[in-house]
Protein chains: 2
Amino acid sequence: MRISELSEQSGVSPASIKYYTREGLLPAGTRTGYNSTEYDERHVDRLRLIRALIDTGGLAVADAARVIAAIDDRSMPIGRVFGIAQRAVPRASAQPSDTALERIRTIMRERGWATTADNPGIVLAARALDEFALTGRSDLDALLSHYAAAVDLVAEADLDLVASSGDRDRMAETVVVGIALGDALLQGLRRIAQESLSHRRYRAGVVPADRREPS
Amino acid sequence: MRISELSEQSGVSPASIKYYTREGLLPAGTRTGYNSTEYDERHVDRLRLIRALIDTGGLAVADAARVIAAIDDRSMPIGRVFGIAQRAVPRASAQPSDTALERIRTIMRERGWATTADNPGIVLAARALDEFALTGRSDLDALLSHYAAAVDLVAEADLDLVASSGDRDRMAETVVVGIALGDALLQGLRRIAQESLSHRRYRAGVVPADRREPS
């Protein structure tokens, strides 16, 4: 297909397509003549991946390029792809307190979680604890242990999705896509569960979705 | 205390303190003379809340002002504060597909979740499903049901934290702080659990944190 059709199918403008090609995120098309280049389905798929990383994941183009290089490097084990993708997603910049770091390490010991020392989740979670403490909420033991049990379920599901994706390339893509999209999915479901539970606890009389009158 | 001390204790510059006061996020201090204003601990607490909303939550100042007004309105039930805070946190703008919306509504029925029709989590979760589908992953039944079970745990913990915060004002603050900080905490813990599990599944030999040599 020509660049105009690729643009239409992927929803990415021709200018952005050229930009992603120059930056190494998208393989070049096949030159078929003076001023004409052919693209195929793999370019459509790749553009969707790029948009998911940049739009939903909030990755900078350079970080998306690094993640995509990891996908394309077939010698790289899936465990490494996880590490690279996790580190590319925007994260807390400030250094957490020792108290918060120690609290996260305690949870990790309790759950039997073993990671590399620079797993970005450690700083992210510890920073969140610091912010909770700054706003006067430091008794978070119950919250933390429930959250930890919850993310064990989530991580199992994440890894199952990766394992069921097919060959190594598809697995690597699922790792990458899943980090940002899984965050968004979790955030969405959490808001739904929160509201539902808050209605149940704080006032009655909300009608479940399936018993609502057709509107 | 003077504005200089308030600035030091809260880590917020005097210019920002004045800005937040003008925008209605921070109550004015008490004028104690020509060119001198007194602030107290409540100003320190409020500034920390403002920074948590804006820095960690990513809220625009106008949205933070709306959320803070909900906290300060003592006639507002906690369930409503949830709704306002959930809607203030930045979210997906594009409209999700009917397929994805229906998938989320099915999950809601299965879990017995009842919300108002415009709960922002519905669009957020449905958009994430659309993005997964765009990148070729549409068989998400197992993932969704695990995530749903996980967020039930999370939402229970969220509501418990709110309930244990003390009086109504503290509860309202915890609602607001908890939405953004809980997202960050979940993201962090998820990355830790992912890496730990991925090591366990894809290669052995990572030493748990508590059996590492002191560095």
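For the structure itself, look to the data block above.
Everything quoted here is computed from the prediction, not taken from an experiment.

Observations concerning the overall build of chain A
Step number 1: Check the secondary structure of chain A and you find nine helices and two strands.
Step number 2: Radius of gyration (C-alpha) of chain A: 22 Å, far over the 17 Å computed for a compact globule of 215 residues.
Step number 3: By its C-alpha atoms, chain A is 70 × 55 × 35 Å across when sized along the principal axes.
Step number 4: Across chain A, contacts joining residues at least 24 apart in sequence account for 63% of those joining residues at least 6 apart.
Step number 5: When the accessible area of chain A is evaluated, it comes to approximately 9,900 Å², of which 49% is carbon and sulfur surface.
Step number 6: Side-chain charges in chain A split into 28 positive and 30 negative, and the spacing between the mean points of these groups amounts to 3 Å.

Brief notes about the pattern of salt bridges
Step number 1: Overall, the coordinates contain 24 salt bridges over all chains when judged by the stated rule.
Step number 2: Between A:Arg42 and A:Asp40 there is a salt bridge, and its shortest N-O distance comes to 2.7 Å.
Step number 3: With its nearest N and O atoms 3.2 Å apart, the salt bridge here joins B:Arg127 to B:Glu131. Of this pair, B:Arg127 and B:Glu131 both sit in helix H7 (residues 120–134), separated by four residues, roughly a single helical turn.
Step number 4: For B:Glu131, a relative accessible area of 9% corresponds to the buried category.
Step number 5: Where salt bridges share partners, they join A:Asp158, A:Asp183, B:Arg190 and B:Arg191 into one cluster.

Points about the packing of helix H9 (residues 168–202) of chain A against helix H9 (residues 168–202) of chain B
Step number 1: For the pair H9(A) and H9(B), interaxial distance at closest approach is 11 Å and the crossing angle is 145°. Between H9(A) and H9(B) lies a crossing of right-handed hand. Residues A:Met171, A:Gly178, A:Ile179, A:Gly182, A:Asp183, A:Leu186, A:Gln187, A:Arg190, A:Arg191, A:Gln194 and A:Tyr202 of H9(A) pack against B:Met171, B:Gly178, B:Ile179, B:Gly182, B:Asp183, B:Leu186, B:Gln187, B:Arg190, B:Arg191, B:Gln194 and B:Tyr202 of H9(B).

Focus on the pairing of strand S1 (residues 30–33) of chain A
Within a regular strand, the side chains alternate between the two sheet faces.
Residues and elements named next belong to chain A.
Step number 1: With three bridges joining them, S1 and strand S2 (residues 36–38) adopt antiparallel strand pairing. Opposite Thr30, over in S2, you have Glu38 as the bridge partner.
Step number 2: Linking S1 to S2, which pair antiparallel, is a turn of two residues; within it Asn35 sits at a positive phi near 70°.

A look at the interface of chain B and chain A
Step number 1: Facing the 88 residues of chain B at the interface are 88 residues of chain A.
Step number 2: Where chain B packs against chain A, one counts 10 salt bridges.
Step number 3: Its salt-bridge partner being B:Arg201, residue A:Glu156 comes within 3.0 Å of it at the nearest N-O pair.
Step number 4: Taken together, the connections running from chain B to chain A amount to 26 residue pairs in polar contact (both at pLDDT 80 or more).
Step number 5: Sorting the residues of the side of chain B that touches chain A by element identifies helix H3 (41–56), helix H5 (78–88), helix H6 (98–111), H7, helix H8 (141–163) and H9 of chain B as the ones contributing at least two each.
Step number 6: Top element by residues in the side of chain B that touches chain A is H9(B). It accounts for 29 residues.
Step number 7: Within the side of chain B that touches chain A, the residues separate by chemical class into 48 nonpolar, 20 polar and 20 charged.

Some words on the relation of the copies chain B and chain A
Step number 1: For the pair chain B and chain A, the superposition axis carries a translation of 0.0 Å, the fit reaches an RMSD of 0.0 Å, and the rotation angle comes to 180°. In the structure described here, the two chain copies are related by an operation that fits a two-fold rotation axis. If distances are taken from each C-alpha of chain B to the rotation axis, the shortest is found for B:Ala150, at 2.2 Å.

Quick look at the packing of helix H8 (residues 141–163) of chain A against H8(B)
Step number 1: Two elements in contact, H8(A) and H8(B), have axes separated by 9 Å at closest approach and are oriented at 170°. Regarding the angle of H8(A) to H8(B), the classification is roughly antiparallel. Contacts between H8(A) and H8(B) involve A:Leu143, A:His146, A:Tyr147, A:Ala149, A:Ala150, A:Leu153, A:Val154, A:Ala157, A:Asp158 and A:Leu161 from the first element and B:Leu143, B:His146, B:Tyr147, B:Ala149, B:Ala150, B:Leu153, B:Val154, B:Ala157, B:Asp158 and B:Leu161 from the second.

Rules and cut-offs
- Each chain carries its own residue numbering, running from 1 in the direction its sequence is written.
- Whichever chain is written first is A, and whichever ligand is written first is 1; the rest continue in order.
- pLDDT decides what is reported in this predicted model: residues at 70 or higher carry local features, side-chain atom pairs at 80 or more are listed and counted, and totals for whole chains, interfaces and linings draw on all residues regardless.
- Heavy atoms from the whole structure form the basis of all side-chain values; hydrogens and water molecules are not counted.
- Strands here mean DSSP runs of E at least two residues long; helices mean DSSP runs of H or I at least four residues long; both are numbered from the N terminus.
- For this measure, only C-alpha atoms enter the radius of gyration; the expected value for a globule follows 2.2 Å times N^0.38, where N is the number of residues.
- Between two residues, a contact is recorded if the distance between any of their heavy atoms is within 4.5 Å.
- Surface accessibility follows the Shrake-Rupley procedure with a 1.4 Å probe radius. Residue values consider only the protein chains on display as shielding.
- In this charge count, Lys and Arg are treated as positive and Asp and Glu as negative; neither His nor the chain ends contribute.
- For this purpose, a charge sits on NZ of Lys, CZ of Arg, CG of Asp or CD of Glu.
- When a carboxyl oxygen of Asp or Glu lies within 4 Å of a side-chain nitrogen of Lys or Arg, that pair is called a salt bridge.
- Accessible area is worked out with a 1.4 Å probe on protein chains only. A residue is then buried under 20% of its type maximum, exposed over 50%, and partly exposed in between.
- Lines are fitted to the C-alpha atoms to define the axes, a helix being fitted only along its stretch in contact, and any angle between axes, read from their N-to-C directions, falls within 0 to 180 degrees.
- In this scheme the crossing of two helices becomes right-handed for a clockwise turn of the near helix relative to the far one and left-handed for an anticlockwise turn of less than a right angle.
- Only strands that DSSP links by at least two bridges are regarded as paired with each other.
- Here a polar contact is recorded for every N or O atom pair within 3.5 Å, except that within protein the pair must consist of a potential hydrogen donor and a potential acceptor, and residues adjacent in sequence are included only if both atoms are side-chain atoms.
- When residue character is reported, Ala, Val, Leu, Ile, Met, Phe, Trp, Tyr, Cys and Pro are called nonpolar, Asp, Glu, Lys and Arg charged, and the others, Gly included, polar.
- When the copies are superposed, the least-squares fit takes in the C-alpha atoms of residues with a pLDDT of at least 70 in both.
- An angle counts as roughly parallel when it lies under 35 degrees, as roughly antiparallel when it exceeds 145, as roughly perpendicular when it falls between 65 and 115, and as oblique in every other case.

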